[in-house]
Amino acid sequence: MKAAGWYGILFGLLAALSAASAEAAPRRIVSMGLCTDQLVMLLADPDTIVSVHWVTQDIEDSAMWKQAARYVPNHGLAEEVLRLRPDMVFADGSNSPLAVVMLRRQGIKVFTVPVADTLGGVRANIREIAAALGERQRGEALVASFDAALAQTRGSLADLHYRSLVYGANGFSAGIPSLFNDVLTHLGLVNIAAKPGLSGWVSMTVEDVLRAEPQLLILGEYRMGSPSMANLVLEHPALDTMRRDRPVVSVPTALWNCGTPYLAQAALTLHDQVRPLARRH
Amino acid sequence: MTQASNTRIALVCTGLAVAVAVLFALSIFVGRGGEWLPATRDLDPGVIDIILYQVRLPRALLGLMAGAALGLCGAGLQGLLRNPLAEPGLVGASSGAALGAVVVFYFGLFGGALAVPVGGFIGSMVALALLYALAGRGVDVMTLILAGVAVNAFAGALTSLALNLAPSPWAALEIVFWMLGSLADRSMSHVIFAAPFAVAGMALVLTSGRALDALSLGQDTARSLGFSPRAATVKVILGTGLAVGAVVSVTGMIGFVGLVVPHLLRPVVGHHPSRLLLPSALAGAAVLLAADILVRFPIRGPELKLGVVTALIGAPFFLHLILKTRRSGE
């Protein structure tokens, strides 16, 4: 009886200890994906982050390349992450499931964050990562500031009734669900490619674009300086003819390639570009 | 050459030219899912003009040029190497061209985009020279094919390496284009880059017919007939390098056209290279234009890659040829 009582206390203590360690804030965070990295940097204590994905340090891809520069870059490989001895790892859809499984097998806590393809998904991801970090309050504050920033441009181009089209490398257009689609809808624009596609992407040839007759063309210009077949479609002379009689704009990829609060800035950039052109055309 | 066979070749060429003209027109007017463009009423006439002249015309011109170059060079190489399995794709000329084009395009050598056909030419020439050194002329089928396999594998590996190291994040994904070829969304500037090289190359191969005829009787006979074997070799190799290098650098690798076309024509026009060259150019153009119309038929998703269609038709044919050559060799 007495022994059982002691055991009871011992078990209770152990349980309490393990619960405490689970709740303890992480001290060595590794994040392995461009989009997840940015949310982690917005939510975690900067000194607790050890490493982010190398692409997050690139100005063309990442809205937070400056903040990312101070961390060790990783390439999403299990081996290099293990060497960093993390106590918490964030992965996302861009990571190899093999790497994630291997890290988990080593007993490392790995959170896999779903890819956000709607504005609602962005809020959900912010809250999920904040909860994992034990920073729920920061999470709510970030969601609130995101919503406040979005409120500035909600429906701000609706009066133009533009039938709009996003067109980017490899001839892909933003369908549904996609962040591009949500930003267009948020501004009050009509996305004419708004149909279900391959992970939200709709393949269109130059001819398809011409035939869709968009009133606003948003080019997904990305690293136009480095030659690629993918970008050649954007330089097709037939698209140039569209510039003559309608607004053709582009928004930096880094602002809207990820489900982060920077989407509000993407919406504002788009608004600021289209508004003056709309008066002219 | 008898009067009758000349008339026959003239007839074949006329028939093929008509087929090319019809397919060229179809390539311009037939769109996705087989839709006939001028019949579409809900489009602005200005938009239709842009589609026809800036999107589809360059595409049809490239199909014409690439098909003619591949068909002609296939016939020329088969004549030169006296080997029925020689073809720009199989002997490595196309993969060499792709490598040269990739290096120039992604790394901006010689000024980048404008010089891509030059890269294709150099790559193609290096591959052909390598093959010629490995296999020599008049060697057996097996040696030639194996040398081609080696050149192809090496050029393919270097192309993948170049694409992996290229400064563009898209490059590694674009291996599909270079390996399987496509005419989609090319513009008139592509036609203009490639045309001078392609036309010059084709002219070289086309004018080598009589010398190839003489060569088919053996080097000594050729010499005694007043043809220089060396000059003929240089003409065909240089011509193939120019033409294949130029077209591959704008369309990617499109296999088997150069293999299948001369074989289909031999029963009709005979075995003399000189009679085979022009019909092969025309038939090559017809085959490629037809294949490029076929790729548009799936309505949903991206278009098929051109090389997928030509390989689906060409690869079984290649197998059939190997079996046939082996049987006749026994």
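Residues numbered from 1 in each chain as written. Chains lettered and ligands numbered in written order. Predicted model: local features only at pLDDT ≥ 70, side-chain atom pairs only at ≥ 80, totals over all residues.

Section: the overall build of chain A
Helix and strand counts for chain A stand at 13 helices and eleven strands. Based on the C-alpha atoms only, the size of chain A along its principal axes is roughly 90 × 35 × 35 Å. When each of the 281 residues of chain A is scored for burial, the buried share is 46%. Looking at chain A alone, contacts between residues at least 24 apart form 60% of all its contacts between residues at least 6 apart. (Helix = DSSP H or I, 4+ residues; strand = E, 2+ residues; numbered from the N terminus. Buried ≥ 20, exposed ≤ 12 C-beta atoms within 10 Å, placed from the backbone. Contact = placed C-beta atoms within 7 Å.)

Focus: the sheet that holds strand 5 (residues 110–113) of chain A
Residue and element names in this part refer to chain A. The strand order across the open sheet formed by five strands is 3-2-1-4-5, and the pairing between neighbours is parallel. On the outer flanks of this sheet lie strand 3 (72–74) and strand 5, each paired with one strand and no other. For this sheet, the mean inter-axis angle between neighbouring strands, taken without regard to orientation, is 20 degrees. In this sheet, strand 5 lies alongside strand 4 (residues 88–92) in parallel orientation, the contact comprising four bridges. (Pairing = 2+ DSSP bridges. Axes fitted to C-alpha atoms, helices over the stretch in contact; angles between N-to-C directions.)

Examining the nonpolar core
Grouped together as the largest cluster of nonpolar side chains are 186 residues, with contacts concentrated most on A:V183, A:L263, B:M65, B:A69, B:V102, B:A243 and B:V247. The dominant element in this core, judged by the number of residues it contributes, is helix 2 (residues 45–80) of chain B, at 17 residues. Apart from residues lying up to four places away in sequence, B:V102 is in contact with B:T159, B:A162, B:L163 and B:W178. (Core = buried A, V, L, I, M, F, W, Y, C linked by C-beta atoms within 7 Å.)

Topic: the confidence of the model for chain B
In low-pLDDT segments, the atomic positions of the prediction should not be examined closely. Residue and element names in this part refer to chain B. Model confidence for chain B is summarised by a mean pLDDT of 87, while 94% of its residues fall at 70 or above. When pLDDT is averaged over each element of chain B, helix 12 (residues 273–294) comes out on top at 95 and helix 13 (residues 306–329) at the bottom at 83. Here the complex is predicted with pTM 0.81, and the ipTM for its interfaces comes to 0.71. (pLDDT = per-residue confidence, 0-100.)

Some points on the domain arrangement of chain A
All names here are of chain A. Assigned domains of chain A: these are domain 1 (26–150) and domain 2 (158–280). On a C-alpha basis, the centres of domain 1 and domain 2 stand 27 Å from each other. If you look at the interface, domain 1 gives 20 residues, while domain 2 gives 20 residues. Only helix 2 (34–43), helix 6 (119–133) and helix 7 (136–151) provide two or more residues apiece to the side of domain 1 that touches domain 2. No other element matches helix 7, which puts five residues into the side of domain 1 that touches domain 2. (Domains from an automatic or database assignment.)

Considerations on the interface of chain A and chain B
With 20 residues of chain A at the contact, the number on the chain B side is 24 residues. Sorting the residues of the side of chain A that touches chain B by element identifies helix 9 (206–212), helix 10 (229–232) and helix 11 (237–243) of chain A as the ones contributing at least two each. Element by element, the count of residues in the side of chain A that touches chain B is highest for helix 9 of chain A, at four residues. Among the residues making up the side of chain A that touches chain B, the classes are represented as nine nonpolar, seven polar and four charged. (Nonpolar A, V, L, I, M, F, W, Y, C, P; charged D, E, K, R; others polar.)

Thoughts on the packing of helix 3 (residues 93–107) of chain B against helix 10 (residues 229–251) of chain B
Residues and elements named next belong to chain B. In the contact formed by helix 3 and helix 10, the axes pass within 8 Å of each other and the chain directions differ by 60 degrees. Classified by the angle between their axes, helix 3 and helix 10 sit oblique to one another. The element helix 3 and its partner helix 10 pack so that their crossing is right-handed. On the side of helix 3, the interface is formed by A93, S94, A97, A98, G100 and A101, while helix 10 contributes T240, G241, V244, G245, V248 and S249. When its residues are assigned to classes, the contact of helix 3 with helix 10 shows six nonpolar, six polar and no charged. (Parallel < 35°, antiparallel > 145°, perpendicular 65-115°, else oblique. Left-handed = near helix turned anticlockwise from the far one by under 90°.)

Description of helix 7 (residues 188–206) of chain B
Note on helix geometry: an α-helix contains 3.6 residues per turn, so any two residues three or four positions apart are oriented the same way. Residues and elements named next belong to chain B. Taking 1.5 Å of rise per residue, the 19 residues of helix 7 would be expected to cover 27 Å, and the 25 Å separating its terminal C-alpha atoms lies within 8% of that figure. Maximal helix bending in helix 7 amounts to about 40 degrees, located at A195; proline P196 follows within four positions. By the burial criterion, the buried members of helix 7 are H190, F193, A194, F197, A198, G201, M202, L204 and V205. (Expected span 1.5 Å × (residues − 1). Bend = angle between axes of the 7 residues up to and from the residue.)

Quick notes on the pairing of strand 6 (residues 163–168) of chain A
Residue and element names in this part refer to chain A. The buried fraction of strand 6 is high, at five of six residues. Relative to strand 8 (residues 190–191), strand 6 runs parallel, the two sharing two bridges. Of the residues in strand 8, the one forming a bridge with R163 is V190. Sheet topology places strand 6 next to strand 10 (residues 216–220); five bridges connect them, and they run parallel. Opposite V166, over in strand 10, you have I218 as the bridge partner.

Considering the environment of B:C73
Residue and element names in this part refer to chain B. Tracing the sequence through the fold places C73 in helix 2. Put simply, C73 and V236 are 163 residues apart on the chain and 7.8 Å apart in space, counted from C-alpha to C-alpha. Discounting chain neighbours no more than four positions away, the residues touching C73 are P88, V205, T240, A243, V244 and G258.

Topic: the packing of helix 6 of chain A against helix 7 of chain A
Residues and elements named next belong to chain A. Where helix 6 contacts helix 7, the axes come no closer than 7 Å and their chain directions differ by 160 degrees. Judged by the angle between their axes, helix 6 and helix 7 are roughly antiparallel. The handedness of the crossing between helix 6 and helix 7 comes out as right-handed. Contacts between helix 6 and helix 7 involve R123, I126, R127, A130 and A131 from the former and R136, R138, G139, L142 and V143 from the latter. Of the residues in the contact of helix 6 with helix 7, the class split is five nonpolar, one polar and four charged.

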